[in-house]
Amino acid sequence: DTEVTQTPKHLVMGMTNKKSLKCEQHMGHRAMYWYKQKAKKPPELMFVYSYEKLSINESVPSRFSPECPNSSLLNLHLHALQPEDSALYLCASSPSPGTYNEQFFGPGTRLTVL
Amino acid sequence: DQQVKQNSPSLSVQEGRISILNCDYTNSMFDYFLWYKKYPAEGPTFLISISSIKDKNEDGRFTVFLNKSAKHLSLHIVPSQPGDSAVYFCAASRRDSWGKLQFGAGTQVVVTP
């Protein structure tokens, strides 16, 4: 299994809703990442998990809450989002944290906040 | 502050010819560079990478060149095929950054028959 899966593919939520995005990989990778990509822009890093511990939080608002329950699974919990949070949310994994590792991306979750 | 720049938003090339994509960076601490390809509604797909101790890396039709003194890298695709039509992102990371990738804005490549 050489892929990163993300669910759901699409999500529409209101500003008062609570929802979660899920990411899974079974490649034995020990680093997992969340990126946000707005239309016609490059992906921007949000969080890095290394060996199930949060290593980097790129000053992301607290309405985004990441969780790494085990080495294969990464969640992003969403609460009280704003319309400007609408974007493609990409999950990625790599064999280990740090440089000299390519990151493998999932297909993303297209989020729309109404 | 955009530390990785792709100044050509688009590139059109004929099938069978060479595609050359360019990328510049400003941070001399970057020591690993990658190219990703992205189709609409899909996540980026890794193509090829190069570490700062090399100046060239080749994988099939894809070759990446790194000029550290100019802080410039390029991706050559030869021969170009219709399936190569996609957005190509250059990305860079540094040793102490937990694998954080900084992406350029991307170049849309269109391969015409």
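Source: prediction; values computed, not measured.

1. Observations concerning the overall build of chain B
Regarding its fold elements, chain B presents zero helices and eleven strands. Summarising its shape, the C-alpha atoms of chain B cover approximately 45 × 30 × 20 Å along the three principal directions. The buried share of chain B, reckoned over its 113 residues, is 48%. Of the contacts made within chain B by residues no fewer than 6 positions apart, 54% connect residues no fewer than 24 positions apart.

2. Concerning the packing of aromatic side chains
For the structure on display, the rule yields eleven aromatic pairs over all chains. Between Tyr33(A) and Tyr35(A), the aromatic rings sit 6.4 Å apart at their centres with planes inclined by 35°, giving tilted as the arrangement. Tyr35(A) shares its class with Tyr33(A); the two are buried. When the centroid spacing of 5.9 Å and the interplanar angle of 85° are considered together, the rings of Tyr35(A) and Phe103(B) count as edge-to-face. Of this pair, Tyr35(A) sits in strand S4 (residues 31-37) while Phe103(B) sits in strand S10 (residues 102-103), placing the two residues on different chains. In this structure an aromatic cluster arises from ring pairing among Tyr33(A), Tyr35(A), Phe105(A), Tyr36(B), Phe46(B), Phe89(B) and Phe103(B).

3. Quick word on empty space enclosed by the protein
Residues and elements named next belong to chain A. Under the definition given, this model contains one cavity of 30 Å³ or more. Considering the residues around the largest cavity, the lining is formed by His29, Arg30, Ala31, Met32, Tyr49, Tyr51, Glu52, Cys68 and Ser71. A class-by-class count of the residues in the lining of the largest cavity yields five nonpolar, two polar and two charged.

4. A short note on the nonpolar core
All names here are of chain B. With 23 residues, the main nonpolar core has Phe33, Trp35, Leu73, Leu75 and Tyr88 as its most contacted residues. Those elements that provide at least two residues to this core are strand S3 (19-25), strand S4 (30-38), strand S5 (45-51), strand S7 (62-67), strand S8 (72-77), strand S9 (86-94) and strand S11 (107-112). Take this core: its biggest share by element is four residues, from S9. Not counting residues up to four positions away in its chain, the partners in contact with Tyr88 are Gln6, Leu21, Trp35, Tyr36, Lys37, Leu47, Leu75, Ile77, Gly106, Thr107 and Val109.

5. Considerations on the interface of chain B and chain A
Put simply, an interface is often sized by how much accessible area is lost when its parts join up. Listed by partner, the interface residues are 24 residues for chain B and 24 residues for chain A. A combined buried area of about 1,800 Å² lies between chain B and chain A, and 63% of that area is made up of carbon and sulfur atoms. Taken together, the connections running from chain B to chain A amount to one salt bridge. Notably, a salt bridge pairs Glu58(A) with Lys100(B), separated by 2.7 Å at the nearest N-O pair.

Quick notes on the rules
- Throughout, residues of each chain are indexed from 1 in the direction in which the sequence is written.
- Written order determines the labels here, with chains lettered from A and ligands numbered from 1.
- Note on the predicted model: pLDDT of at least 70 is required for a residue's local features to be given, and 80 or more for side-chain atom pairs to be given and counted; whole-chain, interface and lining totals, by contrast, use all residues.
- Side-chain figures throughout are based on the complete set of non-hydrogen atoms in the structure, without hydrogens or water.
- Runs of H or I in DSSP of at least four residues are treated as helices and runs of E of at least two as strands, each being numbered from the N terminus.
- Burial classes follow relative accessibility: with a 1.4 Å probe on protein chains only, a residue under 20% of its type's maximum area counts as buried, one over 50% as exposed, and anything between as partly exposed.
- Here a residue-residue contact requires only that any non-hydrogen atoms of the pair lie within 4.5 Å.
- Aromatic contacts are taken between Phe, Tyr and Trp rings whose centres are within 6.5 Å, Trp giving its six-membered ring; a plane angle under 30 degrees counts as stacked, one over 60 as edge-to-face, and the others as tilted.
- Cavity: a set of points on a 1 Å grid over the protein atoms alone where a 1.4 Å probe fits but cannot get out. Pocket: an open set with protein on both sides within 12 Å along at least five of seven lines, its lining residues, like those of a cavity, having an atom within 4 Å of a point.
- Grid points are joined across faces, edges and corners, and a volume is the space filled by probe spheres set on the points.
- Lys, Arg, Asp and Glu make up the charged group, whereas Ala, Val, Leu, Ile, Met, Phe, Trp, Tyr, Cys and Pro make up the nonpolar group; the residues left over, Gly among them, are polar.
- For this analysis, a nonpolar core means a set of buried residues of the types Ala, Val, Leu, Ile, Met, Phe, Trp, Tyr and Cys, connected via side-chain atoms within 4.5 Å.
- A simple way to read buried area is as the amount of 1.4 Å-probe accessible surface that goes missing from two parts once joined, with both sides added.
- The salt bridge definition used is simple: a Lys or Arg side-chain nitrogen within 4 Å of an Asp or Glu carboxyl oxygen.

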